[in-house]
Amino acid sequence: MRYLFWAVKFIAFVMLFGFAMHNANPVTLNFFFNYTWHAPLALILLVFFVSGAVIGLLASLGQVIRLRRELVALRKEKRQPINSIATAPPTVAFEPPRDAL
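No experiment lies behind these values; they were computed from the predicted model shown. (Residues numbered from 1 in each chain as written. Predicted model: local features only at pLDDT ≥ 70, side-chain atom pairs only at ≥ 80, totals over all residues. Heavy atoms only, no water.)

## Some points on the overall build of the protein
Argument step 1. When you go through the protein residue by residue, the secondary structure sums to 2 helices and 2 strands.
Argument step 2. Each helix (α) and strand (β) of the protein, taken in turn from the N terminus, gives the series α-β-β-α.
Argument step 3. Every one of the 101 residues in the protein was classed for burial, and the buried ones make up 3%.
Argument step 4. Considering only intrachain contacts with a sequence separation of at least 6, the fraction spanning at least 24 residues in the protein is 3%.
Argument step 5. In the structure as shown, the protein presents an accessible area of about 10,100 Å², 71% of it carried by carbon and sulfur atoms. (Helix = DSSP H or I, 4+ residues; strand = E, 2+ residues; numbered from the N terminus. Buried < 20%, exposed > 50% of the residue type's maximum accessible area, 1.4 Å probe, protein only. Contact = heavy atoms within 4.5 Å. Areas by Shrake-Rupley, 256 points an atom, 1.4 Å probe, with all protein chains shown as cover.)

## Some words on unusual backbone geometry
Argument step 1. The backbone of Phe-33 sits at a positive phi, close to 60°, despite the residue not being glycine.
Argument step 2. Here Phe-33 is to be found in the loop between β1 (26-30) and β2 (36-40).
Argument step 3. Under the relative-accessibility criterion, Phe-33 is labelled exposed at 84%.
Argument step 4. The phi angle at Asn-34 is positive, at roughly 60°, despite the residue not being glycine.
Argument step 5. Locating Asn-34 in the fold gives a position in the loop between β1 and β2.
Argument step 6. The exposure class of Asn-34 is exposed, given its relative accessible area of 77%.

## A word on the pairing of β1
Argument step 1. The sheet contact formed by β1 and β2 spans 5 bridges and is antiparallel. Within the sheet, the bridge partner assigned to Pro-26 lies in β2 and is Pro-40.
Argument step 2. The turn linking β1 back onto β2 is made up of 5 residues, and Phe-33 within it adopts a positive phi angle of 60°. (Pairing = 2+ DSSP bridges.)

## Let's talk about the environment of His-22
Argument step 1. Among the structural elements, His-22 can be located in helix α1 (residues 2-22).
Argument step 2. Separated by 2.8 Å, the side chain of His-22 and the backbone oxygen of Gly-18 make a polar contact. (Polar contact = N/O pair within 3.5 Å; in protein donor to acceptor, adjacent residues only side chain to side chain.)

## Structural notes on the packing of aromatic side chains
Argument step 1. Inspection of the entire model under this criterion finds 2 aromatic pairs.
Argument step 2. On the basis of an interplanar angle of 20° and a centroid distance of 6.0 Å, the ring pair of Phe-13 and Phe-17 is categorised as stacked. Here Phe-17 and Phe-13 lie together in helix α1, a separation of 4 residues that amounts to about one turn.
Argument step 3. Exposure remark for Phe-17: the relative accessible area of 45% places this residue in the partly exposed category.
Argument step 4. Pairing Phe-31 with Tyr-35 gives two aromatic rings, centres 5.5 Å apart and planes at 35°, and the pair type is tilted.
Argument step 5. A relative accessible area of 37% means that Phe-31 is categorised as partly exposed.
Argument step 6. Across the ring face of Tyr-3, the terminal group of Arg-2 is positioned such that the distance to the ring centre comes to 5.7 Å.
Argument step 7. In this arrangement the basic side chain of Lys-9 is found over the ring face of Trp-6, its NZ or CZ atom lying 3.9 Å from the centre. (Phe/Tyr/Trp six-rings, centres within 6.5 Å; stacked < 30°, edge-to-face > 60°. Lys NZ or Arg CZ within 6 Å of the ring centre and 35° of its normal.)

Here's what the structure looks like:
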């Protein structure tokens, strides 16, 4: 299984490397305020892919921190002894059968 994983990684690397070599011609990227960037297409795609991944990770960072705090609180609650937890006495409510009048 490990060799299969390495083979898939190698094939993906060769395909991406071939893509980068076939798209090595410089392209012009026009931004606002007449700012232009001249670079190979593969480099521009890589930069925008990495920046998108970083923005996605930063966007999910708040949720991850909130979930970790909740996990720490739940673990702390689990470690408390059973006697110290105030439990309400069980209440048993007797109801008449619902099919009877």
